[in-house]
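# Remarks on the overall topology
The chain contents come next:
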Amino acid sequence: MSSGAGHPTMSAIHRFGTMVFLMAGVMFFAGLTGAYLVFRFSGQIWPAPGLPALPVGLGGFNTLVIVVSSLALGRAVRAMRWLDAAGLRRGLTAAAALGAAFLILQAVQWWTLLRHGLSFAGTTYGSIFYVLTGAHAVHATVGVLWLLLMAWRQREAWVSDGRQRKVEVCALYWHFVGAVWVGLYAALYLL
Amino acid sequence: MRLSTFSEAVVVVLASALPGVTPASAQCAMCNTSAAAGNVGRGLSISVLFLLGILGAVVAWFVVTVARSARRDATSGGTPPP
């Protein structure tokens, strides 16, 4: 498979394999979200009286951070297709930094909610919120480490074919993490 | 794999599962009536519809990918017969 610029990019089989793996991740999060929807629409009042509401503003800002991170990674992949090694490294580092900022903001949010009495145990509201956001944070942590590893290994002034395939697989994974978060934000904070 | 071969394989697998299908018992009907009543039923219905939507999207992606691949193979002449 070739890009528009005529440089080799990820083969169809790599893309297909990665997408099948990511579809398993989609079904994993869909199952958890399905459980959340049962609780969300079975209760008369959500959240139960005395429990804090989720910070929509902070969650929205965090959504913006992860979307911008995905965009930065998109720029990195475009730079890679033009064999711009410095642009690729810059883009990977920016995406990883924004991903780390997303995780820090998530931790701040959890800390704030814990201080306001939303614990993991004891309430369905707390349990399902921490399970969903925690499972996503684990995926995001893996993604940030992967991006950092890709940026660290990209020290040469050229981009090899093997590196291109790895970066594109990593990019697909990171876009998946971002897309899942947008869905989770809509379900948890806005519904 | 050609698209028609893939479709035939799917039909064979589905047809082979048909003899194992049994009618829903009265117990299932009672459980359904109980679950569908009230707010729990609403939550379950929304959740099932959501999961069906996601599953449909995943299956649609798979079918489109296979169909595009088959069309690309056909356009490029495909694999020569042995």
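Values in this document were obtained by computation on a predicted structure and should not be read as measured data.

Another aspect to go through is the interface of chain A and chain B. In this complex, chain A contributes 16 residues to the contact, which on the side of chain B involves 15 residues. Taking both partners together, chain A and chain B bury about 1,400 Å²; carbon and sulfur atoms supply 80% of that area. For the pair chain A and chain B, the number of links is 1 residue pair in polar contact (both at pLDDT 80 or more). Within the side of chain A that touches chain B, the residues separate by chemical class into 11 nonpolar, 5 polar and no charged.

The next thing to look at is the confidence of the model for chain A. A residue-level look at chain A finds 95% of positions with pLDDT of 70 or above and a mean pLDDT of 90. The low-confidence segment residues 1-8 of chain A (pLDDT under 50) makes 16 contacts with residues lying over four places distant or belonging to another chain.

Turning our eyes to something else, we now look at the side chain of Ser69 of chain A. Residue and element names in this part refer to chain A. Mapping Ser69 onto the fold places it in helix 2 (residues 56-81). Looking at Ser69, its side chain comes within polar contact range of the side chain of Trp174, at 2.8 Å. What Ser69 contacts, discounting residues up to four positions off in sequence, is Ala95, Leu98, Gly99 and Trp174.

Let us look at the environment of Leu92 of chain A. Residues and elements named next belong to chain A. Structurally, the position occupied by Leu92 is in helix 3 (residues 85-115). Taking the relative accessible area as the measure of exposure, Leu92 reaches 0% and is therefore buried. Sequence separation between Leu92 and Trp152 is 60 residues; the distance between their C-alpha atoms is 9.2 Å. Residues within four places of Leu92 in sequence aside, it is in contact with Leu73, Ala76, Leu147, Met150, Ala151 and Val167.

The end-to-end C-alpha distance of helix 3 (residues 38-75) of chain B is 55 Å, a good match for the 56 Å that 38 residues give at a rise of 1.5 Å each. Taken together, the buried positions of helix 3 of chain B are occupied by Gly41, Gly43, Ser47, Val58, Val66 and Ala70 of chain B.

Attention shifts here to the nonpolar core. Residues and elements named next belong to chain A. Ranked by internal contacts, the top residues of the largest apolar core, which has 56 residues, are Leu54, Leu73, Leu92, Leu118, Phe129, Leu147 and Trp174. Mapped onto this core, the elements with two or more residues apiece are helix 1 (12-42), helix 2, helix 3, helix 4 (124-153) and helix 5 (161-190). The greatest single-element share of this core, amounting to 15 residues, is contributed by helix 5. With residues near it in sequence (within four places) discarded, Leu73 still touches Leu92, Ala95, Leu147, Ala171, Trp174 and His175.

How each quantity is defined
- Residues numbered from 1 in each chain as written.
- Chains lettered and ligands numbered in written order.
- Predicted model: local features only at pLDDT ≥ 70, side-chain atom pairs only at ≥ 80, totals over all residues.
- Heavy atoms only, no water.
- Contact = heavy atoms within 4.5 Å.
- Buried area = accessible area lost by both parts, 1.4 Å probe.
- Polar contact = N/O pair within 3.5 Å; in protein donor to acceptor, adjacent residues only side chain to side chain.
- Nonpolar A, V, L, I, M, F, W, Y, C, P; charged D, E, K, R; others polar.
- pLDDT = per-residue confidence, 0-100.
- Helix = DSSP H or I, 4+ residues; strand = E, 2+ residues; numbered from the N terminus.
- Buried < 20%, exposed > 50% of the residue type's maximum accessible area, 1.4 Å probe, protein only.
- Expected span 1.5 Å × (residues − 1).
- Core = buried A, V, L, I, M, F, W, Y, C linked by side-chain atoms within 4.5 Å.

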